[in-house]
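Analysis of the macromolecular model
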Amino acid sequence: MALLQIAEPGQSPQPHQRRLAVGIDLGTTNSLVAALRSGLSEPLPDAEGQVILPSAVRYHVDRTEVGESAKLAASSDLAQSVREALQESASLIVICSPEGARSKWVNEEIRA
C-alpha cells in the first residue's frame, strides 16, 4: 500500500515521518483502523485482538453493539426483526425473483 506524503510548499516531507497519523477505512463489509508511526503503517486491533472489524451495527434500547457480535446477532434476530417491521407497517413490498413471483407458496404468503 502506498501512502501519500503531503508537505507545505518549500518544506521537505521528512518531518512528517516522525509524526503519528491514523487512517480509518469504513467499508461496506469490513472496516479497520491503522496508525502511521515513523513512516510505517500498522493496523490497530480491537478489544478482542482483531484488526478487521465487520461493518455491522446493532442498536439496543440502552446500548449500541458493533463488529462481530452485531454481525452474528443479525442472523439470529432476522425473523423477529421482519415480524416486528411487518406488524408496524401500513404496507408490504415484496422483492423476489421471477420464479418466486410465479410460486404458489409466495403468493399465498403475501395474501396471508
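Notes on the structure follow. (Residues numbered from 1 in each chain as written. Predicted model: local features only at pLDDT ≥ 70, side-chain atom pairs only at ≥ 80, totals over all residues. Heavy atoms only, no water.)

1. Digging into the side chain of Ser-31
In this fold, Ser-31 is placed in strand S2 (residues 30-37). Engagement of the side chain of Ser-31 in a polar contact is seen with the backbone nitrogen of Gly-27, the distance being 3.4 Å. (Helix = DSSP H or I, 4+ residues; strand = E, 2+ residues; numbered from the N terminus. Polar contact = N/O pair within 3.5 Å; in protein donor to acceptor, adjacent residues only side chain to side chain.)

2. As for the pattern of salt bridges
Pairing between side chains of opposite charge can happen when the charged atoms of each approach one another. Counting across every chain of the model gives two salt bridges. A salt bridge links Arg-58 to Glu-65; the nearest nitrogen and oxygen atoms lie 3.2 Å apart. Arg-58 gets classed as partly exposed once you look at its relative accessible area, which sits at 24%. Judged by its relative accessible area of 12%, Glu-65 falls in the buried class. Note that Glu-65 is salt-bridged to Arg-63, the shortest N-O span being 4.0 Å. When its relative accessible area of 44% is taken as the criterion, Arg-63 is described as partly exposed. (Salt bridge = Lys/Arg side-chain N within 4 Å of Asp/Glu carboxyl O. Buried < 20%, exposed > 50% of the residue type's maximum accessible area, 1.4 Å probe, protein only.)

3. What to know about the environment of Ile-24
With respect to the helices, strands and loops of the structure, Ile-24 is situated in strand S1 (residues 20-26). Owing to a relative accessible area of 60%, Ile-24 belongs among the exposed residues under this scheme. In the structure, Ile-24 is positioned ten residues away from Ala-34 in sequence and 6.6 Å away in space, judged by C-alpha atoms. The contact partners of Ile-24, leaving out residues within four places of it in the chain, are Leu-32 and Val-33. (Contact = heavy atoms within 4.5 Å.)

4. Some words on the environment of Val-22
Turning to its location among the elements, Val-22 is positioned in strand S1. Residues Val-22 and Ala-35, 13 residues apart in the sequence, show an inter-C-alpha distance of 4.4 Å. Excluding anything up to four places from it in sequence, Val-22 contacts Val-33, Ala-34 and Ala-35.

5. So, the pairing of strand S3 (residues 40-44)
Examined bridge by bridge, S2 and S3 share five bridges and lie antiparallel to one another. Counted as the bridge partner of Arg-37 is Leu-40 from S3. From the end of S2 to the start of S3, which pair antiparallel, there are two residues, and Ser-38 there has a positive phi angle of about 50°. (Pairing = 2+ DSSP bridges.)

6. So, the pairing of S1
Judged by how many residues are buried, S1 sits mostly at the surface: zero of seven residues are covered. Pairing of S1 with S2 involves seven bridges; the strand directions are antiparallel. The residue bridging Leu-20 from the neighbouring strand is Arg-37, located in S2. Count of turn residues in the S1/S2 antiparallel hairpin: three residues.

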